[in-house]
Amino acid sequence: QLQLVQSGGGLVQSGGSLRLSCAGSGFTLDTYAVAWFRQAPGKDRQGVSCIRSDGSTIDYLHTGQGQFTVSRDIAKNTWYLQMDSLEPEDTAVYYCAARPNFCTTRSPNYNSWGQGTQVTVSS
């Protein structure tokens with residue numbers, strides 16, 4: 001199974017920024033899509049953004065005060081989620097997930113998942 005290891009979560013003040021990392025192994029970076037999901041207490045898992053195997057990206061949120069930018073570093077075999085202008089409503093456990101080539105918001109379609117990391121935004 002593909003392996004994904006996350007890092008970069010933590011506590012940030014409203015308006016602040018965090019950068020989440022998702023390091024992969026067992027596959028080539030340019031053949032997989034990686035999506036970011038989040039799940040807040042009492043809420044369903046929600047798609048945040050995704051980067052396809054060709055490097056193009058899609059934003060699933062379309063709303064909110066946060067600015068989420070997904071990227072990748074092929075040399076480091078790592079994906080990133082840059083989060084700016086964070087607000088308390090962005091507080092959640094964030095997950096990265098990988099599947100071949102294409103993006104989807106349907107969680108069962110992803111082959112591998114990171115362990116999740118808590119992001120807490122204080123007011």
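Here, every reference points to the structure presented above.
Numbering of residues begins from 1 in every chain and follows the order in which that chain's sequence is written. Only residues with pLDDT of at least 70 get local features here, since the model is predicted, and only at 80 or more are side-chain atom pairs given and counted; chain-wide, interface and lining totals rely on the full set of residues. As a rule here, side-chain values come from all non-hydrogen atoms in the structure, and water together with hydrogens is ignored.

Caption draft 1: Seen up close, the packing of aromatic side chains. Geometry of aromatic contacts follows a simple scheme: Phe, Tyr and Trp rings, the Trp one being its six-membered ring, pair when their centres are within 6.5 Å, and the pair is stacked under 30 degrees between planes, edge-to-face over 60, tilted otherwise. If you walk through the whole model with that rule in mind, you get four aromatic pairs. Taking 5.1 Å as the distance between ring centres and 40° as the angle between the ring planes, the aromatic pair formed by Phe-37 and Trp-113 counts as tilted. Of this pair, Phe-37 sits in strand S4 (residues 32-39) while Trp-113 sits in strand S10 (residues 112-113), and the two are 76 residues apart along the sequence. Only protein chains enter the area calculation, which uses a 1.4 Å probe; residues under 20% of their type maximum are buried, those over 50% are exposed, and those in between are partly exposed. A relative accessible area of 0% places Phe-37 in the buried class. Both rings, one in Tyr-110 and one in Trp-113, keep their centres 6.1 Å apart while their planes meet at 70°; by these two values the pair is edge-to-face. Taking the relative accessible area as the measure of exposure, Tyr-110 reaches 5% and is therefore buried. Among the residues examined, Trp-113 registers a relative accessible area of 27% and is labelled partly exposed. Taken together, the aromatic side chains of Phe-37, Tyr-95, Tyr-110 and Trp-113 make up a single cluster linked through ring pairs. Above the face of the Tyr-80 ring, Arg-19 is positioned so that its terminal group lies 3.8 Å from the ring centre. We count a stretch as a helix when DSSP gives it H or I for four or more residues in a row; a strand needs E for two or more, and each element gets its number in order from the N terminus. Whether a charge sits over a ring depends on NZ of Lys or CZ of Arg being within 6 Å of the ring centre and within 35 degrees of the ring normal.

Caption draft 2: Representation of the sheet that holds strand S3 (residues 18-25). The rule for pairing is simple: two strands pair if DSSP sees at least two bridges between them. The four strands lie next to each other as S1-S3-S8-S7, forming an open sheet whose pairing is antiparallel. If you trace the sheet from one side to the other, it starts and ends with strand S1 (3-7) and strand S7 (67-73), each paired once. Adjacent strand axes in the sheet meet at a mean angle of 20°, parallel and antiparallel pairs treated alike. With five bridges connecting them, S1 and S3 associate as antiparallel partners. Bridging across to S3, Val-5 finds its partner in Ala-23. Between N-to-C directions, angles cover 0 to 180 degrees, with each direction set by a line fitted to C-alpha atoms, over the stretch in contact for helices.

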